Amino acid sequence: MLPELTVGRGFTSWTLDPVALVAVVLLGALYAAGVARRLRSGGRWSVLRTALFAVVGLGMIVVATMSSLAVYDRVLFWPAAVQNILLDLLAPLGLALGDPLGLASPEGRLRRAVASRPVRLLTFPLVSSLFVLVSELTIYFTPYFPTALHNDLVRQLMHAQLLFTGCLFVLPMLSKQEMLPRWCSYPVRAVLVFLDGLFDSLPGLVVMTSSTLVAGDWYRAHPRTWGPTLQFDQTLGGGLMLTLAEIVALPFLIAVFFQWWQSERVRTAELDARLDAELTPVPAPAPAASAPAGPADGAPAAAPAAAVPERVRPWWETDGGEVGQRMRRGR
């Protein structure tokens, strides 16, 4: 019998999940090796990206699997619901903001795997978004979740599934590598992220309003003398799922708009440079040298004429419209 979950115990109650710990250490080591390789080669890497990957990405995996959420997820439903949302939505967002694919070698196995046809099919926007929705509904409205409460191996599999399906949608949307179809421009991505936020809220809405208890037999078999009733516990869990899904959608959408702004700024700079190069006057070629004639009657030789650069013609001299014709008549 666990003691009552209070605010203080919510911050101080922790447990060790060896599988999650190994996964976090491995992911962190691979990312650190990629950053070190980039710096050794003379490249640069954003400290902010590294912090987002470590704190929001790996940090949320630790919180979901080892904090009080993991301690109380077999006694209360709402900690398990929050735990799953963190793994499905928030942790993938943090990992994607770190841009781990940007650290991969251009000719490495990871880049080749990302460009393969199966991965492109799984990361296709509509397919990946559907995977997230089906994954959540399958967990709560099949024997999957009650079995995960009984079996640690199934529980680890469920956590890995949530993290994997979440990354399928988030990583391509925020990665600078071309993982999406050409028609998926930044305006389209913004619309898809907005729609995905609506899809992600559906499982929480269904769980919150359902009169059938999720894993009701398990929670009845583990009674407690404190906390909410079983029905209110599920309603609270569904409401937290709905709220967190909408909260996560906002920074996700902001990140897409920020990348859109960066892309437009780069395109504008390239266009300005190209226009400057086209408008730069090109000096006229020097005439071919000929045999100089001697000065007549002892007159001094004339100085060679300097090359005159070609004049850039104003736009109205070549414009065929009415405005151009009026400008030429006025001059």
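About the criteria used
Residues numbered from 1 in each chain as written. Predicted model: local features only at pLDDT ≥ 70, side-chain atom pairs only at ≥ 80, totals over all residues. Heavy atoms only, no water. Helix = DSSP H or I, 4+ residues; strand = E, 2+ residues; numbered from the N terminus. Contact = heavy atoms within 4.5 Å. Areas by Shrake-Rupley, 256 points an atom, 1.4 Å probe, with all protein chains shown as cover. Buried < 20%, exposed > 50% of the residue type's maximum accessible area, 1.4 Å probe, protein only. Salt bridge = Lys/Arg side-chain N within 4 Å of Asp/Glu carboxyl O. Polar contact = N/O pair within 3.5 Å; in protein donor to acceptor, adjacent residues only side chain to side chain. Patch = residues over 30% accessible without salt bridge, like charges linked within 9 Å, V, L, I, M, F, W, Y side chains within 5 Å.

## As for the overall build of the protein chain
Here comes step 1: What the protein chain contains, in helices and strands, is 14 helices and zero strands.
Here comes step 2: Ordering the α and β elements of the protein chain from the N terminus gives α-α-α-α-α-α-α-α-α-α-α-α-α-α.
Here comes step 3: In the protein chain, the proportion of contacts linking residues at least 24 apart, taken out of those at least 6 apart, comes to 76%.
Here comes step 4: In the form shown here, the protein chain has an accessible surface area of approximately 19,500 Å², with 68% of it arising from carbon and sulfur atoms.

## Looking at unusual backbone geometry
Of all residues except glycine, most have a negative phi; of all peptide bonds, most are trans.
Here comes step 1: Of note, Asp99 is a non-glycine position whose phi angle comes to about 50 degrees, a positive value.
Here comes step 2: The topology assignment puts Asp99 in the loop between α5 (77-97) and α6 (109-114).
Here comes step 3: A relative accessible area of 4% means that Asp99 is categorised as buried.
Here comes step 4: Even without glycine at this site, Ala215 takes up a positive phi of about 55 degrees.
Here comes step 5: The residue Ala215 is located in the loop between α11 (186-209) and α12 (216-221) in this model.
Here comes step 6: Overall, Ala215 belongs to the buried group, its relative accessible area being 9%.

## A look at the pattern of salt bridges
Here comes step 1: Counted under the stated rule, the structure contains five salt bridges.
Here comes step 2: A salt bridge links Asp73 to Arg155; the shortest N-O distance between them is 2.6 Å. With Asp73 in the loop between α4 (68-72) and α5 and Arg155 in helix α10 (residues 152-174), the pair connects residues that are 82 residues apart, well separated along the chain. Taken as a pair, Asp73 and Arg155 share a single burial class, namely buried.
Here comes step 3: A salt bridge links Asp152 to Arg74, with the nearest nitrogen and oxygen atoms 2.3 Å apart. Residue Asp152 is found in helix α10, and its partner Arg74 is found in the loop between α4 and α5; the two are separated by 78 residues along the sequence.

## A few points about the environment of Asp233
Here comes step 1: Relative to the elements of secondary structure, Asp233 occurs in helix α13 (residues 230-279).
Here comes step 2: By relative accessible area, Asp233 is classed as buried at 1%.
Here comes step 3: For Asp233, the residues in contact, after removing those within four places along its chain, are Leu76, Phe77, Trp78, Arg224 and Pro228.
Here comes step 4: Within the structure, Asp233 has its side chain in polar contact with the backbone nitrogen of Phe77 (distance 2.6 Å).

## Here's the deal with a nonpolar patch on the surface
Here comes step 1: Where nonpolar side chains cluster on the molecular surface, the patch consists of Val191, Phe194, Leu195, Leu198, Phe199, Leu202 and Leu205 and spans about 600 Å² of accessible area.
Here comes step 2: Mapped onto the elements, Leu205 comes out in helix α11.
Here comes step 3: Accessibility expressed as a relative area gives 38% for Leu205, which makes it partly exposed.

Shape descriptors only; they carry no functional weight alone.
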